[in-house]
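# Close look at the chain arrangement
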Amino acid sequence: MTTLERIRTFLDDPSLDAKYDNDFLVRQIIEPEMVNVITAINQNRDEPILCKFSLDALGLNDTHIELPPNIGIIHRITSLNAAGEVLDDIAKRDETDPRGPGWHLDGRDLYLRPDWTPDTAGYEVWYTPSGDFNPHYASSDGTLAADAGTPLVVDQLTFAATPTVGGIDMRESAYVGGVLRVWSGNKTVVQERVITSYNANTKVVVVRTGFTTPVVAGEVQYEIVPEFMGQIWQAVALASSMNLGVARNINEKHMAYLKEQFSLALQTAARLTSAKVDEKGVAPENSVLYTMLQRIRWGLPDQIEKEMSNDYIMRSVVNPKLGEVMSMMGGRSDSQIVLRHALTLAVDTEYYILPPCIGKALRIAQLTNTARKGLVTKEIRQRDENDPQGSGWAIEGNRLSIRPYSTGTSSDYSIWYHPNGDFMPHYAKDGVLSGSSKTLTLTKNTLFSRLLGSVDKRVNSYLGATLRVFESDGSISERVIVGHSAGNSDGSGTTTGTVTVSEAFTTTGGPVTVAYEIVAPWMHTTMSAVVARSILELVALKGQISEADLAILSESAKSAMTSAMISVRERNAQDIVPNKDSSLHMILEKTKTILGDIAKELDYSDDYIFRHGIVPEYSRVISRIQNTSTDYVQEKTTITLVKDQQYYEVPACVGEILRIVTTFDDGRLKTEMMPRGQYNPKGPNWSMEGNMLSIRPFPQAAENMEIWFIPSTDVKPHYAEDGVIDAGTEFTLSAGGWDSQILGDLDRRESSYVGCTLRLIGREHGRVQERIITTHTALSNPPEVTFRSPFTDLEIINGTVSYEIVPIHFNAVSEAVAQGAAMNLLVSARRVTKAQHLMLMTNFKSAMKTAMDNFTFKQNRMPKKYERDTVDNKNRYGGLYGIR
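Residues numbered from 1 in each chain as written. Predicted model: local features only at pLDDT ≥ 70, side-chain atom pairs only at ≥ 80, totals over all residues. Heavy atoms only, no water.

## As for the overall build of the protein
Threshold: Under the scheme used here, helices are H or I runs from DSSP no shorter than 4 residues and strands are E runs no shorter than 2 residues, and both carry numbers assigned from the N terminus. Working rule for contacts: check all heavy atoms of both residues, and any pair within 4.5 Å makes them a contact. Using a 1.4 Å probe, accessible areas were evaluated by the Shrake-Rupley method; residue-level cover was limited to the displayed protein chains.
Secondary structure summary: the protein contains 14 helices and 42 strands in total. Partitioning the contacts of the protein with sequence separation of at least 6, the portion at a separation of at least 24 is 71%. Accessible surface, the protein as shown: approximately 43,100 Å² in total, 50% of it carbon and sulfur.

## Examining the sheet that holds strand E18 (residues 376–380)
Consider a sheet: its strands pair through backbone hydrogen bonds, and that pairing is either parallel or antiparallel. Under the convention used in this document: Pairing between strands is defined by DSSP: at least two bridges between them are needed. Every axis corresponds to a line fitted to the C-alpha atoms, with the helix fit spanning only the stretch in contact, and the corresponding angles, defined between N-to-C directions, vary from 0 to 180 degrees.
The strand order E15-E21-E17-E18 describes an open sheet built from four strands, whose pairing is antiparallel. The sheet is open, and its two edges are formed by strand E15 (339–345) and E18, each paired on a single side. When strand polarity is set aside, the average angle formed by the axes of neighbouring strands in this sheet is 35°. As defined by bridge partners, strand E17 (residues 358–367) adjoins strand E21 (residues 411–419) across six bridges and the pair is classed as antiparallel. The residue bridging Ala-361 from the neighbouring strand is Tyr-417, located in E21.

## As for the side chain of Ser-241
To be explicit about the condition: Residue burial is assigned from relative accessible area. The probe radius is 1.4 Å, only protein chains are included, and a residue is buried under 20% of its type maximum, exposed over 50%, and partly exposed in between.
Positionally, Ser-241 belongs in helix H4 (residues 229–248). Under the relative-accessibility criterion, Ser-241 is labelled buried at 0%. In this structure, Ser-241 is in contact with Arg-6, Ile-7, Phe-10, Leu-11 and Leu-258, ignoring residues within four places of it in sequence.

## So, the nonpolar core
Most often, soluble globular proteins have nonpolar side chains that are buried together. Condition: Nonpolar cores were defined as sets of buried Ala, Val, Leu, Ile, Met, Phe, Trp, Tyr and Cys residues, with membership established by side-chain atoms within 4.5 Å.
Core analysis: the largest hydrophobic core is formed by 78 residues, its most contacted members being Leu-110 and Leu-180. Apart from residues no more than four positions distant in its own chain, Leu-110 is found in contact with Leu-55, Thr-63, His-64, Ile-65, Leu-67, Ile-74, Ile-77, Trp-103, His-104, Leu-105 and Val-125. Judged by nonpolar contacts, the second largest core, of 74 residues, contains Leu-345, Ala-428, Leu-452 and Ala-564.

## Some details on unusual backbone geometry
Most of the time, phi is negative for any residue but glycine, and the peptide bond is trans. Pro-214 follows Thr-213 through a cis peptide bond whose omega is 15°. Take Pro-214: it is sitting in the loop between strand E13 (204–211) and strand E14 (218–225). Going from Arg-403 to Pro-404, the amide bond is cis rather than trans, its omega being 0°. Secondary-structure assignment places Pro-404 in the loop between strand E20 (399–403) and E21. Phi at Lys-187 takes a positive value of approximately 60°, unusual for a residue other than glycine. Tracing the backbone shows Lys-187 in the loop between strand E11 (179–183) and strand E12 (190–199). Non-glycine residue Ser-751 carries a positive phi angle of around 65°. Structurally, Ser-751 can be placed in the loop between strand E38 (743–744) and strand E39 (757–761).

## Section: the packing of aromatic side chains
Selection rule: Here a Phe, Tyr or Trp ring, Trp counted by its six-membered ring, pairs with any other such ring whose centre lies within 6.5 Å, and the pair is stacked when the planes are under 30 degrees apart, edge-to-face when over 60, and tilted otherwise.
The tally for this structure, following the rule as stated, stands at eleven aromatic pairs. Taking 5.8 Å as the distance between ring centres and 85° as the angle between the ring planes, the aromatic pair formed by Phe-423 and Tyr-462 counts as edge-to-face. Taken together, the residues Phe-423 in the loop between E21 and strand E22 (426–433) and Tyr-462 in the loop between strand E24 (452–453) and strand E25 (466–470) connect sequence positions 39 residues apart. Of the two residues, Phe-423 and Tyr-462, neither departs from the other in class, the shared state being buried. Their ring planes at 70° and their centres at 6.0 Å tell us that Tyr-427 and Phe-470 sit as a pair that is edge-to-face. Of the two residues, Tyr-427 is situated in strand E22 and Phe-470 in strand E25; the sequence distance between them amounts to 43 residues. Relative accessible area serves as the criterion here: at 5%, Tyr-427 is assigned to the buried category.

## Remarks on the sheet that holds strand E7 (residues 122–129)
On the basis of which strands lie adjacent, the open sheet formed by four strands has the order E1-E7-E3-E4 and antiparallel pairing. Of all strands in the sheet, those bounded by a partner on one side alone are strand E1 (51–55) and strand E4 (86–89). Neighbour to neighbour, the strand axes of the sheet diverge by 40° on average, direction disregarded. With five bridges connecting them, E1 and E7 associate as antiparallel partners. Bridge pairing in E7 links Lys-52 to Trp-126.

## Description of the pairing of E20
Sheet faces and side chains relate simply in a regular strand, where the side chains alternate between the two faces. Where strand E16 (residues 351–353) lies against E20, three bridges are found, and the strand directions are antiparallel. Counted as the bridge partner of Ile-353 is Arg-399 from E20. Linking two consecutive strands that pair antiparallel, namely strand E19 (residues 392–396) and E20, is a turn of two residues; a positive phi of about 65° is found at Gly-397 within it.

## Considering the pattern of salt bridges
How we decide: We define a salt bridge as a contact between a side-chain nitrogen of Lys or Arg and a carboxyl oxygen of Asp or Glu at a distance within 4 Å.
Per the stated rule, a full pass over the model turns up 36 salt bridges. Among the salt bridges present, the one from Glu-589 reaches Lys-592, with a minimum N-O distance of 3.8 Å. Residue Glu-589 and its partner Lys-592 are both found in helix H11 (residues 583–598); the two are separated by three residues, about one turn of the helix. Judged by relative accessible area, Glu-589 falls into the partly exposed class, the value being 30%. Take Lys-592: its relative accessible area is 25%, and that puts it in the partly exposed class. Connected through shared salt-bridge partners, Lys-321, Glu-324, Arg-533 and Glu-537 make up one network.

## A short note on helix H12 (residues 606–628)
Because each turn of an α-helix spans 3.6 residues, side chains separated by three or four positions in sequence point in the same direction. Rule in force here: Residue count minus one, scaled by 1.5 Å, sets the expected span of a helix. Note that the bend at a residue is defined as the angle between axes fitted to the seven residues ending at it and the seven residues starting at it.
In a regular helix each residue adds 1.5 Å, so 23 residues correspond to 33 Å; H12 covers 31 Å between its end C-alpha atoms and thus fits that length. In the structure, H12 departs most strongly from a straight axis at Ile-614, where the bend amounts to approximately 25° and where the proline Pro-616 lies between one and four residues downstream.

## Focus on the environment of Gly-737
Note on placement: Gly-737 falls in the loop between strand E37 (730–732) and E38. Residue classification places Gly-737 among the buried positions, given a relative accessible area of 17%. Here the alpha-carbon distance between Gly-737 and Arg-372, two residues 365 residues apart in the chain, equals 9.0 Å.

## What to know about the environment of Leu-451
Tracing the sequence through the fold places Leu-451 in the loop between strand E23 (439–441) and E24. Of the residues examined, Leu-451 reaches a relative accessible area of 5% and is grouped as buried. Measuring from C-alpha to C-alpha, the distance between Leu-451 and Ala-428 comes to 4.6 Å, with 23 residues separating the pair along the chain. Excluding anything up to four places from it in sequence, Leu-451 contacts Arg-99, Asp-311, His-426, Tyr-427, Ala-428, Thr-443 and Asn-445.

## Notes on the packing of H12 against helix H13 (residues 810–828)
Here is the rule we go by: Note on terminology: angles under 35 degrees are roughly parallel, angles over 145 are roughly antiparallel, angles of 65 to 115 are roughly perpendicular, and the others are oblique. It is the rotation of the near helix from the far one that decides the hand of a crossing: anticlockwise by less than a right angle makes it left-handed, clockwise makes it right-handed. Basically, the charged four are Asp, Glu, Lys and Arg, the nonpolar ten are Ala, Val, Leu, Ile, Met, Phe, Trp, Tyr, Cys and Pro, and anything else, Gly included, counts as polar.
As a packed pair, H12 and H13 sit with axes 8 Å apart at the nearest point and diverge in direction by 120°. Considered as vectors, H12 and H13 are oriented oblique to each other. Here H12 and H13 pass one another in a crossing that is right-handed. Residues Tyr-608, Ile-609, His-612, Gly-613, Ile-614, Glu-617, Tyr-618, Arg-620, Val-621, Ile-622 and Ile-625 of H12 touch H13, and the partners they reach there are Phe-810, Val-813, Ala-816, Val-817, Gly-820, Ala-821, Asn-824 and Leu-825. Looking at the contact of H12 with H13 residue by residue, the class counts come to 13 nonpolar, four polar and two charged.

## A short note on the packing of helix H1 (residues 2–11) against H4
Packing of H1 against H4 brings their axes to within 9 Å, and their N-to-C directions diverge by 40°. Classified by the angle between their axes, H1 and H4 sit oblique to one another. Considering how the two elements wind past one another, H1 and H4 form a crossing that is right-handed. On H4, the residues that touch Thr-2, Thr-3, Arg-6, Ile-7, Phe-10 and Leu-11 of H1 are Met-229, Trp-233, Gln-234, Val-236, Ala-237, Leu-238, Ser-240, Ser-241, Leu-244 and Gly-245. Taken together, the residues of the contact of H1 with H4 sort by class into nine nonpolar, six polar and one charged.

## Describing the pairing of strand E36 (residues 718–725)
Relative to E38, E36 is paired through two bridges, and the arrangement is antiparallel. Note on E38: the bridge partner recorded for His-718 is Gly-744. Pairing of E36 with strand E42 (residues 799–806), which is carried by six bridges, proceeds in the antiparallel orientation. Paired with Ala-720 across the bridge in E42 is Tyr-803. By the bridge criterion, two bridges tie E36 to E37 in an arrangement that is antiparallel. Bridging from a neighbouring strand, Val-724 pairs with Thr-732 of E37.

Structure representation (structure tokens):
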């Protein structure tokens with residue numbers, strides 16, 4: 001009635017009363033304008049009017065439900081517990097989804113698929129009203145009564161036979177969700193209740209909450225209006241006035257006023273009816289997969305975002321892009337994600353089923369389980385397929401072939417591999433954690449499982465993946481999956497699966513139902529890359545983005561991929577804490593600084609830089625200096641001749657033999673064995689054949705001889721913190737175990753460290769002492785070295801010390817090694833410009849000149865003139881490497 005009075009007031013036309021009665025205005029003007037106003041409000045904002053409709057008394061497999069006509073857009077269908085808390089949603093999936101759409105509409109009918117078994121929970125449909133509503137008002141004759149089952153609750157109203165204004169809607173459930181407004185007997189109080197059911201045959205409505213005093217049972221004045229009528233009736237009145245104004249031919253000024261007022265009223269109604277809910281944000285807290293989906297949706301244009309469901313994005317974009325990102329990370333970093341899979345070899349068996357998550361098999365080996373456990377003791381090598389001894393191992397599809405077959409007893413091996421992302425991540429709320437808290441039974445995929453994604457039914461497909469469990473105390477625990485069994489029967493015929501982790505979760509007292517999700521290893525690390533590449537592909541395929549925006553997205557995808565690569569390297573590769581007294585640490589820091597200044601994006605770990613940059617460059621630098629300098633570094637070693645024995649093994653430390661001599665006891669030279677030509681009838685005297693020294697004619701007496709030689713540059717320097725020194729001249733090198741803080745690698749060749757410098761780095765007093773190594777026994781475990789004179793710091797005797805073994809005069813060449821190593825790494829990675837390469841070359845030349853001066857002056861201060869004509873000083877212009 002208030003709305004009708006406002007319509008007449010806005011038009012102010014006496015003839016209106018004579019031509020249009022109230023009933024006509026309600027049915028022909030107000031009802032359609034309510035639909036228009038509500039639609040306008042819902043279309044012009046992200047937070048539409050939100051109402052709820054209860055699904056009561058649903059039976060077994062009751063999947064066909066008739067909805068009230070007032071339901072416009074359905075946002076959620078939720079399950080509620082006895083306390084009214086939201087338990088979960090029925091997911092809305094794609095119509096072609098093999099699991100069924102969850103729910104879909106067919107006219108006024110709501111269909112639920114798959115079939116389900118109801119529990120004690122209540123169910124609600126959250127929807128936006130359509131405005132399709134026939135309101136009416138009765139000044140009397142409405143009969144308010146109590147339910148027969150609950151006589152104290154006044155919650156039923158029988159309509160008046162003839163309403164004062166408006167008509168009665170004859171459609172079943174037409175008034176569900178509407179508001180019943182009832183006046184008290186003395187017309188002093190109006191109470192409003194939401195209608196939950198309407199019987200069109202008996203004209204009875206039931207409200208959710210009973211009326212209270214002073215509204216009592218009996219004949220009452222009432223009206224039925226749509227939801228939020230109190231907020232929208234001004235907008236409805238103005239819209240109706242404009243509609244009638246056209247028919248009444250009002251002037252332009254009057255119409256402009258009505259339009260302006262309608263715009264203001266519509267804005268006010270939108271604010272008043274705001275539900276403050278973004279239905280796209282309704283997702284489990286702290287879920288990695290839902291967070292990823294939200295970020296993808298946020299980055300998509302509105303039209304594309306509205307077209308796609310969560311499940312469509314997961315199946316069509318996230319899954320393939322996740323596999324793509326994981327493969328790229330495994331192929332472009334020197335510190336990839338590496339996982340292991342246990343493999344038991346059976347007797348006389350060639351083929352073994354591999355998990356689909358294996359992207360690239362790196363090695364197949366057996367580990368020790370006695371003495372020093374966990375070391376690689378046997379490895380199956382991969383050979384050519386046509387090798388007569390068998391291929392070793394080869395991957396054929398999803399099978400691993402091992403030839404020749406295992407014989408004897410079965411053996412436990414491990415496969416090291418890069419994961420390929422070929423698995424199906426998913427989130428579900430109904431996993432069951434066992435009593436041991438180590439085994440999780442996966443979702444049954446029922447209607448209310450809230451399953452996002454799909455369960456991978458392939459055996460062992462989840463190996464190495466991360467299981468995230470939302471535990472009962474509110475915490476989130478993550479474990480690595482070590483076992484996956486698909487297809488276990490729970491006794492009801494439902495196919496499920498289980499995953500097993502090595503470390504128990506904190507939730508105990510199982511079996512207990514928990515929410516969980518299975519994601520790729522380090523999903524947080526790869527999330528940005530997967531999101532960026534997913535958005536890029538979706539907008540590119542749909543073609544609804546400008547070329548400039550597409551370029552921005554492409555750059556974002558590249559940056560995200562680079563960030564993921566760096567994150568993996570940082571987590572998987574140790575940044576070695578430098579020791580300021582260590583020469584090796586100093587050169588590593590210098591090389592890293594050069595690389596970082598020129599190419600920050602290079603994905604090289606400390607260990608990679610050391611092994612592939614510094615160690616080989618040291619050999620080249622020392623070799624150039626030894627080849628150029630007249631005063632080369634010289635060392636000695638002793639061999640014992642045996643009567644009539646031709647060949648003697650030369651230590652690995654020998655680079656070039658200068659002399660072979662015998663000496664008197666006082667150190668004077670007694671004799672020297674001079675080399676002769678190979679065709680001399682007396683024999684060559686001595687010659688090198690591989691790593692063997694040949695003496696011809698054969699020695700006729702046992703005799704000790706000294707070999708004077710230039711040390712080989714082919715040696716592996718290293719730093720460690722678990723060397724052991726005794727009171728004499730013996731030193732035990734690092735054991736090389738996992739608890740050894742070691743930089744570089746131990747050289748396992750006999751005598752390879754002879755002639756190198758052993759540097760002891762003091763911990764308490766900071767003293768650094770150096771000795772030249774005279775013997776090196778690599779065959780002992782751990783290996784040992786000796787030196788000519790003992791160390792003088794008595795506080796470190798018979799204790800564990802930090803040390804490093806470096807080539808002689810290493811400090812002198814360290815700058816040249818750093819410059820050369822950085823230059824080689826940058827050039828091989830194609831990350832250096834011509835100007836930067838020239839700068840590095842200039843620095844390298846200067847460092848080589850300084851190192852050359854150090855070697856010359858330290859020997860006997862010879863003039864800076866090198867008489868030997870070599871590639872390094874040819875024509876006195878610096879030669880190939882610019883040394884002058």
